[in-house]
Amino acid sequence: MPDVPVDPDEATQLRNKVVDQLKKDGTIVSPGVEAAMRKVPRHLAVPEASLDDAYSTYKRTSAAVRHPIHA
């Protein structure tokens, strides 16, 4: 599947929005995790996904299903 074109400013806005939501609902409680989540471009892990899908708080992409992340 081809990579989806990305607007870096939009990706940053969406990344910050999802981190804000995860902090609000209590998923992110550590300042270190928050800093990492704000820094790491999540969409690079799922280049076939749209930015909205890559930064959806609760939606799992097909890549996430194939490669789950365990803490």
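Scope of this entry: the structure provided in the associated data block.

Definitions and cut-offs
Residues numbered from 1 in each chain as written. Predicted model: local features only at pLDDT ≥ 70, side-chain atom pairs only at ≥ 80, totals over all residues. Heavy atoms only, no water. Axes fitted to C-alpha atoms, helices over the stretch in contact; angles between N-to-C directions. Helix = DSSP H or I, 4+ residues; strand = E, 2+ residues; numbered from the N terminus. Parallel < 35°, antiparallel > 145°, perpendicular 65-115°, else oblique. Left-handed = near helix turned anticlockwise from the far one by under 90°. Contact = heavy atoms within 4.5 Å. Nonpolar A, V, L, I, M, F, W, Y, C, P; charged D, E, K, R; others polar. Expected span 1.5 Å × (residues − 1). Buried < 20%, exposed > 50% of the residue type's maximum accessible area, 1.4 Å probe, protein only. Arc of directions from axis to C-beta. Polar contact = N/O pair within 3.5 Å; in protein donor to acceptor, adjacent residues only side chain to side chain.

This part is about the packing of helix α1 (residues 8-24) against helix α2 (residues 31-39). With their axes 9 Å apart at the nearest point, α1 and α2 run at an angle of 155° to one another. In terms of their interaxial angle, α1 and α2 are classed as roughly antiparallel. Crossing of α1 against α2: the hand is right-handed. Between α1 and α2, the contacting residues are Arg15, Asn16, Val19, Asp20, Leu22 and Lys23 on the first element and Glu34, Met37, Arg38 and Lys39 on the second. Its residues assigned to classes, the contact of α1 with α2 comprises 3 nonpolar, 1 polar and 6 charged.

Turning to α1, a few remarks are in order. Look at α1: 24 Å from first C-alpha to last across 17 residues, which is about the 24 Å you get at 1.5 Å a residue. Along α1, the positions that sit buried rather than exposed are Ala11, Leu14, Arg15, Val18, Val19 and Leu22. Projected down its long axis, α1 carries its buried residues within an arc of 135°, all on one side. Turned more than 90 degrees away from the buried face of α1 sit Asp9, Gln13, Lys17 and Lys24, all of them exposed. Where the residues of α1 are buried, they touch α2 and α3 (51-54). Gly26 sits one or two positions beyond α1 and adopts a positive phi of about 85°.

This part is about the side chain of His43. Among the secondary structure elements, His43 is positioned in the loop between α2 and α3. Of the residues examined, His43 reaches a relative accessible area of 11% and is grouped as buried. Only 2.7 Å separates the side chain of His43 from the side chain of Tyr55, close enough to count as a polar contact. Setting aside chain neighbours within four positions, we find His43 in contact with Val6, Ala11, Arg15, Leu51, Ala54 and Tyr55.

A separate point is the environment of Thr27. With respect to the element layout, Thr27 can be found in the loop between α1 and α2. For Thr27, a relative accessible area of 52% gives the class exposed. One polar contact links Thr27 to Asp25, side chain to side chain, over a distance of 2.6 Å.

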